[in-house]
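As a plain string of letters, each chain reads:
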Amino acid sequence: MVGRQRTRNGLDSLFLSKQRSLGGGSFSLYSLGRGVVCLLFAFGALYVVVSGAWWSRSPQAALRSKGRNIGYSLDWISLRAKQDLMARDKSLIGMLSKSIGTKSKPLVVDVGSGTGALRRALAPKLPRDVSWRMVDHDPKMVADLQRRYGKDQVVDADMAHDFSYLDGADVVAATAFYDLVSDNWLDSFVAHLPKKSIVYAALTYNGKETWEPSHPQDARVMDMFQRNHHHLNDFGMRLGGKAASAMAEKLKAAGWRVHTKETWWAIQPSIEHDLAGMLTEFHRGAAVKQGMDASAARAWASFPRDMIRVGHVDMLAFPAE
Ligand SMILES: C[S@@+](CC[C@H](N)C(=O)[O-])C[C@H]1O[C@@H](n2cnc3c(N)ncnc32)[C@H](O)[C@@H]1O
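As the structure is a computational prediction, the values presented were derived from the model and not from experiment. (Residues numbered from 1 in each chain as written. Predicted model: local features only at pLDDT ≥ 70, side-chain atom pairs only at ≥ 80, totals over all residues.)

Peer 1: Can you lay out the overall build of the protein for me, pointing to particular residues and giving the numbers?
Peer 2: Helices and strands together make up the secondary structure of the protein, namely 13 helices and eleven strands. Expressed as a percentage of the 321 residues in the protein, the buried residues total 30%. Long-range pairs, those at least 24 residues apart, make up 76% of the contacts in the protein with a sequence separation of at least 6. (Helix = DSSP H or I, 4+ residues; strand = E, 2+ residues; numbered from the N terminus. Buried ≥ 20, exposed ≤ 12 C-beta atoms within 10 Å, placed from the backbone. Contact = placed C-beta atoms within 7 Å.)

Structure representation (structure tokens):
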């Protein structure tokens, strides 16, 4: 036993120094110690393998390898598209179509394209020779756009820090994008707009909502939802419901002639159950984040509604002559 003890490495000798015979020598503290160490190594190795696999599939890994998972779900984007289509102001689309009809092969840059709903809504109303550049930075949106429209028409750019995708644009178009951005970012964006470009900004959320029939907590939940909107993101402090008016002011100051129309989603939960459900859940989650008691928020969310209206602004701005 002593001979073996001398030949062992440092780790084993830790246990050898404590070696005792148990029950007549067939089972020793030494062998118990070795067993424990082996088990620890086995668990350690398992942990490294499992956590490595998790890490390589985790959202963080997606950010490292593919860009940023910005957070909009494809479900939300596709559910809202139908309401967006109905709400878009037709007179502004008519004006846009007429004015770009005078240009040859106009380039429309769709910023924050998502899956390309704006293109699907507008293309039938615009001249046939329009070309498209669709910009997003969420890997799942970029992949979806490339699948639908091919790689050449899609630009993966982080618009929070890059304006190069605006180069050569005849129309800078967007749906439901500007309420994400900050006042400072809007200043830079307007400064980078090609001077002769038309700006079409549809469905910018304006913070007005009505839920019918009303619930006693509606005003509180709406207030919390608005407050939750004003958080820091990559663009700076998010403008939320103030974005459309800020954008109109900045475009006017830079010489654009701005037309705006208020546009409304009108959602009947009995028909558009999934969209109403997601919208309700966004509000409930925001209210809880802002400090509402979870059971009060659940009671608010489960209150049956016949109609939910959500206000937006559509904007069309023409450059100085
Ligand atoms: C509310 S969604 C609107 C999508 C689309 N316009 C529509 O109507 O379905 C906002 C879009 O902006 C994109 N976006 C957000 N931050 C971005 C960034 N920093 N760079 C590029 N795209 C961004 C999101 O990935 C998302 O597709």
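This is not the end of the story, as more comes after the structure.
Peer 1: Give me the lowdown on the sheet that holds strand β3 (residues 107-111), citing residues and values where you can.
Peer 2: Ordered by their spatial adjacency, seven strands build an open sheet running β5-β4-β3-β6-β7-β11-β10, and the pairing between neighbours is mixed. At either end of the open sheet lies a strand with only one pairing partner, and these are β5 (154-156) and β10 (257-267). Adjacent strand axes in the sheet meet at a mean angle of 20 degrees when their direction is disregarded. Those strands touched by helix α5 (residues 74-87) are β6 (171-175), β7 (198-212), β10 and β11 (307-318), and its axis lies near 130 degrees from that of β10. (Pairing = 2+ DSSP bridges. Axes fitted to C-alpha atoms, helices over the stretch in contact; angles between N-to-C directions.)

Peer 1: So, the nonpolar core: which residues are in play, and what are the values?
Peer 2: Counting residues in hydrophobic clusters, the biggest one holds 57 residues, and the most contacted among them are Y178, V199 and Y200. Per-element accounting of this core gives the leading share, eight residues, to β7. Apart from the residues lying within four places of it in its own chain, the contact partners of Y200 are L96, V171, A173 and L316. Core analysis: the second largest hydrophobic core is formed by six residues, V221, M224, A297 and W300 among them. (Core = buried A, V, L, I, M, F, W, Y, C linked by C-beta atoms within 7 Å.)

Peer 1: Break down the site of the ligand for me, citing the residues and quoting the values.
Peer 2: Close to the ligand lie 22 residues; G112, G114, H137, D138 and T175 are nearest. At the level of elements, α5 and α7 (117-122) are the ones that each hand at least two residues to the shell around the ligand. For the shell around the ligand, the element with the most residues is α5, which contributes three residues. Of the residues belonging to the shell around the ligand, the class tally is twelve nonpolar, five polar and five charged. (Near = placed C-beta within 6 Å. Nonpolar A, V, L, I, M, F, W, Y, C, P; charged D, E, K, R; others polar.)

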